[in-house]
Amino acid sequence: MITVIKATLHGVRALSRKLLKLLEDKEGQVYQENVTKFGIPEEHVRKAFAEETLLEAATTGNSTFYLALENRCKILGFAQAIQRNAETAELDRIVVFPEHTRKGIGTQLLKRVLEDQERKGTKTVVVNAGKEETHARKFYEKNGFEVVRQAIVEAPWGKITLATYQLRLRSV
């Protein structure tokens, strides 16, 4: 049974451990999609997934982490939403771990994020996807997001082309 919950601090710590362990496999999908594919330096990705970084986002930022759990204990994937202001939230990322893809888990995570944002009164959810992230782009489009902008942005590791999507939410 798969459930999606808001992560506790304990859950954020467990998530960090899982992400860092998956990054150890340089041939694995997590490493390939977060380091190799975009030329992002490994140390930057490790820092982004470090326990300290994720805990800081969860406790001092406006981030909420959601965990997709099997039998309420095994982490299958996660989402992170950042409240930008009273009307707008950013879906910072949805990640489903490789052995669990194509099972509807990403859709369950997205649904939970959107339900929570609607309850908060958020009017718009935005998400960025790299130009070459065709799977992610199709996922967002399939779920009602529309492209509102494409831009080349300067990242610490070089220029990347991002598509910004948005979804207008219903008022609750």
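Here, the structure is the one placed above.
Just so we're clear, the structure is a prediction, and the values are computed from it rather than from any experiment.

The helix and strand inventory of the protein chain stands at six helices and seven strands. Reading the protein chain from its N terminus to its C terminus gives the helix and strand order β-α-α-α-α-β-β-β-α-β-α-β-β. Computed over the C-alpha atoms, the radius of gyration of the protein chain is 16 Å, within 12% of the 16 Å expected from 2.2 N^0.38 for a compact globule of 172 residues. The principal-axis extents of the C-alpha atoms in the protein chain amount to approximately 45 × 40 × 35 Å. The burial tally for the protein chain puts 40% of its 172 residues in the buried class. Within the structure as shown, the protein chain displays about 9,700 Å² of accessible surface, and the carbon and sulfur contribution to it stands at 50%.

The next thing to look at is the packing of helix H1 (residues 9-23) against helix H4 (residues 51-60). For any two helices packed against each other, one specifies the crossing angle of their axes together with the interaxial distance. Here H1 crosses H4 at 145°, and the two axes come no closer than 9 Å. When you trace H1 past H4, the crossing you get is right-handed. Between H1 and H4, the contacting residues are Leu9, Val12, Arg13, Leu15, Ser16, Arg17 and Leu19 on the first element and Glu51, Leu54, Leu55, Ala58 and Thr59 on the second. Across the contact of H1 with H4, the residue classes break down as seven nonpolar, two polar and three charged.

This part covers the packing of aromatic side chains. On inspection of all chains with the given rule, the structure shows three aromatic pairs. An angle of 70° between the planes, with centres 5.5 Å apart, marks the rings of Tyr140 and Phe145 as edge-to-face. Here Tyr140 and Phe145 have matching classes, each one buried. With a centroid separation of 6.2 Å and 45° between ring planes, the pair formed by Tyr140 and Tyr165 is classed as tilted. You can see Tyr140 sitting in helix H6 (residues 134-142) and its partner Tyr165 sitting in strand E7 (residues 158-168), a full 25 residues away along the chain. Each member of the pair Tyr140 and Tyr165 is classed as buried. The rings of Phe139, Tyr140, Phe145 and Tyr165 are connected pair by pair, giving a single aromatic cluster.

This part is about the pairing of strand E2 (residues 63-70). The buried fraction of E2 amounts to seven of the eight residues, a majority that puts the element mostly inside the structure. As paired elements, strand E1 (residues 2-6) and E2 share five bridges and run antiparallel to each other. Residue pairing in the sheet places Thr3 in a bridge with Leu69 of E2. Judged from the eight bridges that link them, E2 and strand E3 (residues 74-83) form a sheet pairing that is antiparallel. Across the sheet, Thr64 pairs through a bridge with Ala81, a residue of E3.

What follows is about the side chain of Asp116. On the secondary structure map, Asp116 appears in helix H5 (residues 105-120). The class of Asp116 is buried, set by a relative accessible area of 5%. Here Tyr66 takes part through its side chain, which lies 3.0 Å from a polar atom of the side chain of Asp116. Within polar-contact distance, the side chain of Asp116 engages the side chain of Arg119 at 2.3 Å.

This brings us to the environment of Asp116. Between the C-alpha atoms of Asp116 and Phe97, which are 19 residues apart in sequence, the distance is 23 Å. Residues contacting Asp116, with those up to four places away along its chain left out, are Lys6 and Tyr66.

Right, let's get into the pattern of salt bridges. In the structure shown here, the tally under the stated rule is nine salt bridges. Put simply, Glu51 and Arg13 hold a salt bridge, and the shortest N to O gap is 3.5 Å. Here the residue Glu51 occupies a position in helix H4, and Arg13 occupies one in helix H1, the gap between them amounting to 38 residues. Residue Glu51 is classed as partly exposed on the basis of its relative accessible area, which comes to 32%. Taking relative accessible area as the criterion, Arg13 reaches 31% and is therefore assigned partly exposed. Ionic pairing is found between Arg112 and Asp116, a salt bridge with its closest N-O pair at 3.3 Å. Taken together, the residues Arg112 and Asp116, both in helix H5 and four residues apart, mark about one turn of the helix. On the basis of relative accessible area, Arg112 is assigned to the partly exposed category, the value being 22%. Connected through shared salt-bridge partners, Lys6, Arg112, Asp116 and Arg119 make up one network.

Analysis parameters
Residues numbered from 1 in each chain as written. Predicted model: local features only at pLDDT ≥ 70, side-chain atom pairs only at ≥ 80, totals over all residues. Heavy atoms only, no water. Helix = DSSP H or I, 4+ residues; strand = E, 2+ residues; numbered from the N terminus. Rg over C-alpha atoms; globule rule 2.2 N^0.38 Å. Buried < 20%, exposed > 50% of the residue type's maximum accessible area, 1.4 Å probe, protein only. Areas by Shrake-Rupley, 256 points an atom, 1.4 Å probe, with all protein chains shown as cover. Axes fitted to C-alpha atoms, helices over the stretch in contact; angles between N-to-C directions. Left-handed = near helix turned anticlockwise from the far one by under 90°. Contact = heavy atoms within 4.5 Å. Nonpolar A, V, L, I, M, F, W, Y, C, P; charged D, E, K, R; others polar. Phe/Tyr/Trp six-rings, centres within 6.5 Å; stacked < 30°, edge-to-face > 60°. Pairing = 2+ DSSP bridges. Polar contact = N/O pair within 3.5 Å; in protein donor to acceptor, adjacent residues only side chain to side chain. Salt bridge = Lys/Arg side-chain N within 4 Å of Asp/Glu carboxyl O.

Keep in mind these numbers describe shape, not what the thing actually does.
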